[in-house]
Amino acid sequence: MDRAILRGGVSIGILTNLTLTAQLASGHCPAEQPPEPPRITPEEAALQSAESRNRELTKEITKKDAKIQALEDEIKALKKAKKTTATTKTSAWRTFTATAYTAICAEGCTGITKTGVDVSHSIYYEGARVIAVDPSVIALGSTVEVRLADGSSFRAKAIDVGGAIKGARLDLLVASESDAVQFGRQSVELRVIK
C-alpha cells in the first residue's frame with residue numbers, strides 16, 4: 001500500500017516536471033504569461049454602458065439644441081420681417097355699409113368689446129374711434145381709416161364684433177342712442193392702415 005501511494009506521488013511529480021519542461025521548451029513560462037484582464041462585475045459593466053450612452057445622448061441633445069436655436073432665430077427674423085411689412089402696408093379703399101351703436105343702453109349692453117376693452121365711458125380707444133367689424137374681413141386690432149360720404153374721415157380701431165356685422169359692414173361706436181339714430185345707415189370707404 002505504501003508503494004502505491006509513493007508510486008502515485010512520484011507519478012504526479014514526474015507529470016508536473018514534464019509539464020513545466022514542455023512549457024519552457026515551447027517558450028511559454030507560466031510566469032511570463034500576460035496577466036488576466038481585471039474582471040468587472042455586471043453592475044460595473046452596466047454602469048459603464050450607461051455612462052457611454054449618456055455621453056452619446058448628451059452629444060445628440062447638444063446638436064438638437066443648436067438646431068432648435070437656429071430655427072427659433074429664423075422664426076424671430078421672419079416675424080420681424082412680417083411685422084415690418086404688415087405695419088407699412090396699407091390696403092386699398094373698399095366700400096362698406098356703416099351703422100352706429102352705443103355701449104350705454106338699458107338692456108343687452110355690457111360696455112365690454114369682444115377684445116375685452118371697456119368702452120362704456122369713451123368712444124375712443126388708443127386715440128381712434130371704436131368700430132365693430134366682421135373679423136373674417138377686418139382683423140380685430142386693426143387700425144383703419146374711414147371716409148364718410150361728406151368727405152370727412154377718421155381713424156378707427158377694430159376691437160368689437162356684432163351679430164349683424166357680417167361681410168363688408170361696420171358698426172361705429174357713438175355716445176348715445178340718439179347719435180346712433182342720427183348716423184343711420186350710410187355707405188363709407190374704408191382702408192386698413194395697420
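Residues numbered from 1 in each chain as written. Predicted model: local features only at pLDDT ≥ 70, side-chain atom pairs only at ≥ 80, totals over all residues. Heavy atoms only, no water.

> What is the right way to look at the packing of aromatic side chains in this model?
Each aromatic ring pair is summarised here by two numbers: the centre-to-centre distance and the angle between the ring planes. All told, the structure shown has 0 aromatic pairs when counted by the stated rule. One cation-aromatic arrangement involves R129 over Y124; the distance from NZ or CZ to the ring centre is 5.7 Å. For R147, the ring lying beneath its charged end belongs to W93, and the centroid distance is 4.0 Å. (Phe/Tyr/Trp six-rings, centres within 6.5 Å; stacked < 30°, edge-to-face > 60°. Lys NZ or Arg CZ within 6 Å of the ring centre and 35° of its normal.)

> Explain the pairing of strand β3 (residues 128-133) here, please?
On a regular strand, one side chain projects to one face of the sheet and the next to the other, so that they alternate. Burial runs high along β3: 6 of the 6 residues are buried. Where strand β2 (residues 124-125) and β3 come together, 2 bridges link them in antiparallel fashion. Paired with Y124 across the bridge in β3 is R129. Judged from the 4 bridges that link them, β3 and strand β5 (residues 153-160) form a sheet pairing that is parallel. Bridging across to β5, I131 finds its partner in A158. As judged from the 3 bridges shared by β3 and strand β6 (residues 169-174), these two strands associate in the antiparallel manner. (Buried < 20%, exposed > 50% of the residue type's maximum accessible area, 1.4 Å probe, protein only. Helix = DSSP H or I, 4+ residues; strand = E, 2+ residues; numbered from the N terminus. Pairing = 2+ DSSP bridges.)

> Could you clarify how one ought to interpret the side chain of E145 in this entry?
With respect to the helices and strands, the residue E145 is situated in strand β4 (residues 143-147). Residue E145 is classed as buried on the basis of its relative accessible area, which comes to 17%. Among the polar contacts listed, one links the side chain of E145 to the side chain of R191, at a separation of 2.8 Å. Contact partners of E145, with chain neighbours within four places excluded, come to W93, S153, F154, E189, L190, R191 and I193. (Polar contact = N/O pair within 3.5 Å; in protein donor to acceptor, adjacent residues only side chain to side chain. Contact = heavy atoms within 4.5 Å.)

> Just checking my understanding: could you explain a positive patch on the surface for this structure?
Together, R55, K59, K63, K64 and K67 make up a region of like positive charge exposed at the surface. Its location among the elements puts K63 in helix α2 (residues 42-88). (Patch = residues over 30% accessible without salt bridge, like charges linked within 9 Å, V, L, I, M, F, W, Y side chains within 5 Å. Areas by Shrake-Rupley, 256 points an atom, 1.4 Å probe, with all protein chains shown as cover. Salt bridge = Lys/Arg side-chain N within 4 Å of Asp/Glu carboxyl O. Lys, Arg positive; Asp, Glu negative; His and termini not counted. Charge placed at Lys NZ, Arg CZ, Asp CG, Glu CD.)

> Any chance you could explain unusual backbone geometry here in plain terms?
Backbone phi values are negative for most residues with the exception of glycine, while trans is the configuration of most peptide bonds. If you check the backbone angles, E126 has positive phi at about 50° while not being a glycine. As for its position among the elements, E126 is in the loop between β2 and β3.

> Sorry, what's going on with the nonpolar core here?
Nonpolar side chains in soluble globular proteins generally cluster together in the buried interior. I131, I138, V144, V146, L170 and L190 are the most contacted members of the largest nonpolar core, which totals 20 residues. Counting only elements with at least two residues in this core, the list comes to β1 (94-102), β3, β4, β5, β6, α3 (177-183) and β7 (186-192). Ranked by size, the runner-up nonpolar core spans 9 residues in total, among them A103, V117, I159 and L173. (Core = buried A, V, L, I, M, F, W, Y, C linked by side-chain atoms within 4.5 Å.)

> Help me understand the pattern of salt bridges, please; the structure alone is not making it clear to me.
Close approach of charged atoms allows side chains with opposite charge to pair. Across all of its chains, the model carries 3 salt bridges by this definition. A salt bridge links K157 to E126; the nearest nitrogen and oxygen atoms lie 3.3 Å apart. Of this pair, K157 sits in strand β5 while E126 sits in the loop between β2 and β3, and the two are 31 residues apart along the sequence.

> Got a minute to help me understand the environment of A103 in this structure?
Mapped onto the elements, A103 comes out in the loop between β1 and β2. Residue A103 is classed as buried on the basis of its relative accessible area of 13%. Once the C-alpha coordinates of A103 and V174 are considered, the two residues, 71 residues apart in sequence, prove to be 7.9 Å apart.

Remember that the coordinates give geometry; whether it matters functionally is a separate question.
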